[in-house]
Amino acid sequence: MSTTPGHTIAGWREWISLPDHGVAWVKAKLDTGARTSAIHAFDIVEFERDGEAWVRYSIHPWQGSREDATTVESRIHDRRVVRSSSGHEAERYVVQMTVGLVGRTVTTEMTLSRRDQMGFRMLVGREALRQGFVVDPARSYLGGRPDKSVRRRNRGR
C-alpha cells in the first residue's frame, strides 16, 4: 500500500469490501468524475421503520454472475436526481454505506442503481475519495486482490 503525506494511493480500479453487509469483495471503479458513489442494487422496496423511511434492496458482488446476492436494509439518507454518463436523469435513493478501500474504512453516500450493463458493480466517487485518497490512473488493485477462485466467480466461472 502506497501513501503520500496524509493520503492513501489507490488505483483506478480496486477490490473493495462492504463490511457492514458481510460482502468481502466487490470490484469497483474509482471515478473522480462522479460526485457520489453508486452500487448495483435490485429488488428495491421502500418501507417505514420507527417513523423513518428505509429501503430494502439486494446486491450481488459478482460482475458475471447473480450468485451470492445479499439483501440489505438501510435508512434512506436522501433522494436525488442523478445524471448518468449518457445524460439520462433518474431519481435514486441515497444511503450511507461503509466501504473498505485499500486497507482503510470510510463511510460515504451511495446511490442505488441498476448497473447490469456496466463494467463494474460499484463506482467510488469523489465524496468517498476526498476522505484521504489519491487515485493513480496508471495503477490497479493497490489494495490487493482476492484469491483466484474469487476472481473467477466475478467473471461468472
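As a reminder, the structure under discussion sits directly above these lines.
Just so we're clear, the structure is a prediction, and the values are computed from it rather than from any experiment.

Draft legend 1. Representation of unusual backbone geometry. For D43, which is not a glycine, the phi torsion comes out positive at approximately 50°. Within the secondary structure, D43 sits in strand β6 (residues 42-49). In this structure D43 comes out as exposed when scored by relative accessible area, which is 53%. The phi torsion at Y141 lies on the positive side, around 55°, for a residue other than glycine. Mapping Y141 onto the fold places it in the loop between β12 (133-136) and α2 (148-154). On the basis of relative accessible area, Y141 is assigned to the buried category, the value being 10%.

Draft legend 2. Seen up close, the nonpolar core. Residues L18, Y57, L101 and M122 are the most contacted members of the largest nonpolar core, which totals 28 residues. A per-element tally of this core places strand β9 (residues 89-101) first, with five residues. Dropping the residues within four chain positions of it, Y57 is found in contact with A41, F42, D43, I44, T70, T71, V72, S74, V95, M97 and L112.

Draft legend 3. Highlighting the environment of T98. Take T98: it is sitting in strand β9. Those residues in contact with T98 that lie beyond four places of it in its chain are S17, L18, P19, D20, T105, V106 and T107. Of the polar contacts made by the side chain of T98, one reaches the side chain of D20; its length is 2.8 Å. A polar atom in the side chain of T98 sits 3.4 Å from the side chain of T107.

Draft legend 4. A look at the packing of aromatic side chains. Counted under the stated rule, the structure contains three aromatic pairs. Considering the side-chain rings of W12 and F120, the 6.0 Å spacing of their centres and the 80° angle between planes classify their relative orientation as edge-to-face. Of this pair, W12 sits in the loop between β2 (7-11) and β3 (13-18) while F120 sits in the loop between β10 (104-113) and β11 (122-124); the two residues are 108 residues apart in sequence, bridging distant segments of the chain. Assessed through its relative accessible area of 30%, W12 is described here as partly exposed. In this structure F120 comes out as buried when scored by relative accessible area, which is 12%. The interplanar angle of 35° and the centroid separation of 6.4 Å between the aromatic rings of F47 and W54 together place this pair among those described as tilted. Like F47, the residue W54 is buried in the burial classification. The ring of W54 carries the charged tip of R49 above its face, separated from the ring centre by 4.3 Å. When the ring centre of F47 is taken as reference, the NZ or CZ atom of R56 above it lies at 4.4 Å.

Each value, and the rule that gives it
- Residues numbered from 1 in each chain as written.
- Predicted model: local features only at pLDDT ≥ 70, side-chain atom pairs only at ≥ 80, totals over all residues.
- Heavy atoms only, no water.
- Helix = DSSP H or I, 4+ residues; strand = E, 2+ residues; numbered from the N terminus.
- Buried < 20%, exposed > 50% of the residue type's maximum accessible area, 1.4 Å probe, protein only.
- Core = buried A, V, L, I, M, F, W, Y, C linked by side-chain atoms within 4.5 Å.
- Contact = heavy atoms within 4.5 Å.
- Polar contact = N/O pair within 3.5 Å; in protein donor to acceptor, adjacent residues only side chain to side chain.
- Phe/Tyr/Trp six-rings, centres within 6.5 Å; stacked < 30°, edge-to-face > 60°.
- Lys NZ or Arg CZ within 6 Å of the ring centre and 35° of its normal.

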